[in-house]
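Here is what each chain is made of, one letter per residue.
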Amino acid sequence: MNIVLATSNQGKVREIRETFHERDIVAYTDVIKGFEIIEDGATFKANALIKARAVYTALGDKNAIVIADDSGISVDVLGGAPGIYSARYGGDHASDRDNLHKLVQALKDQGLDTSPAHYTAAIAIVSQEGESCVHGWMYGHVTTHLRGENGFGYDPMFIPLGFDKTLGELESSIKKELSHRSKALALAKILIEQIKTLRTHCNPL
Ligand code: ITT
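The model shown is predicted, which means the values in this text are computed figures rather than measured ones.

J.: I'm lost on the sheet that holds strand β6 (residues 158-160) in this one. Help?
T.: Two strands in a sheet stick together by hydrogen bonds in their backbones, pointing the same way (parallel) or opposite ways (antiparallel). Within the open sheet, the 6 strands sit side by side as β2-β1-β3-β4-β5-β6. Their pairing is mixed. In this open sheet, the two strands that pair with only one neighbour each are β2 (25-27) and β6. Here the average twist between neighbouring strands, direction ignored, is 35°. Both strand β5 (residues 130-143) and β6 contribute to a ladder of 3 bridges, which runs antiparallel. Directly across from G140, in β6, lies its bridge partner P160.

This is the structure we're talking about:
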């Protein structure tokens, strides 16, 4: 079973691989040359489907099952920003660090050092059986006091509900239990199992 991840974000690749425990799960850039995908959808779902479709088409392998993750952080006092623009918040070619510091500054500009916030992940699955998309969320708050090196992206400023440490400080096993991505992947796994069952027991479409 070829499960291909339509992402070039190594943080996502690591977390998705840990969840699936599958050896035959590969990043698409390990199979074909990476290419730019224009994420011009208006929602996480639309952008996840855009990425999964683009990679499924580029692979040219009809048996592939392509998974894409579109995700981001939404901060209440900023009206939900950066949301779907999380990867580009600090500019078109911004690094994770640039984005993080821009968000810290945006909070400080409001005279605040914390706000309720949440992460969203939309996971799209594209295969010859069709297209689907599932979601997961993680609630908590953001702080301007960056702490820890674990995780990636905005994790050093995000404190999950019920905790007093950032995802940068918490063990990766805790993030795995709580995260938006883990919740969406749990649903995605069910759909992938159905595809596997269909392929094992039914005639090819
Ligand atoms: P791909 O499109 O290649 O998958 P990307 O990094 O551009 O990679 P997105 O467009 O989905 O992915 O942007 C997600 C942004 O949200 C990016 O800045 C991440 O750092 C951030 N993000 C998403 N999930 C996160 C998580 O679990 N922890 C920290 N930051 C996260």
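J.: Any chance you could explain the side chain of N47 here in plain terms?
T.: With respect to the element layout, N47 can be found in helix α2 (residues 44-59). Among the residues examined, N47 registers a relative accessible area of 0% and is labelled buried. Apart from residues lying up to four places away in sequence, N47 is in contact with E39, D40, G41, D70 and I84.

J.: I'm lost on the site of the ligand in this one. Help?
T.: Around the ligand sit 21 residues, and of these T7, K12, K51, D155 and K175 come closest. Here an oxygen atom of the ligand sits 2.9 Å away from a polar atom, N or O, in the main chain of S8. For the ligand, a nitrogen atom lies 3.4 Å from a polar atom in the side chain of Y119. Protein burial of the ligand: of its 620 Å² of free accessible surface, 91% is covered by the chains. At the level of elements, β3 (65-75) and α5 (180-201) are the ones that each hand at least two residues to the shell around the ligand. Per-element accounting of the shell around the ligand gives the leading share, 4 residues, to β3. For the shell around the ligand, the per-class residue count stands at 4 nonpolar, 8 polar and 9 charged.

J.: Would you explain a nonpolar patch on the surface in this entry?
T.: A cluster of nonpolar side chains, W137, Y139 and L161, forms an exposed patch at the surface whose accessible area comes to about 370 Å². Examined against the element boundaries, L161 turns out to sit in the loop between β6 and α4 (172-178).

Conventions adopted
- Residues numbered from 1 in each chain as written.
- Predicted model: local features only at pLDDT ≥ 70, side-chain atom pairs only at ≥ 80, totals over all residues.
- Heavy atoms only, no water.
- Pairing = 2+ DSSP bridges.
- Helix = DSSP H or I, 4+ residues; strand = E, 2+ residues; numbered from the N terminus.
- Axes fitted to C-alpha atoms, helices over the stretch in contact; angles between N-to-C directions.
- Buried < 20%, exposed > 50% of the residue type's maximum accessible area, 1.4 Å probe, protein only.
- Contact = heavy atoms within 4.5 Å.
- Near = heavy atom within 4 Å.
- Polar contact = N/O pair within 3.5 Å; in protein donor to acceptor, adjacent residues only side chain to side chain.
- Areas by Shrake-Rupley, 256 points an atom, 1.4 Å probe, with all protein chains shown as cover.
- Nonpolar A, V, L, I, M, F, W, Y, C, P; charged D, E, K, R; others polar.
- Patch = residues over 30% accessible without salt bridge, like charges linked within 9 Å, V, L, I, M, F, W, Y side chains within 5 Å.
- Salt bridge = Lys/Arg side-chain N within 4 Å of Asp/Glu carboxyl O.

All we've got here are geometric facts, nothing functional implied.
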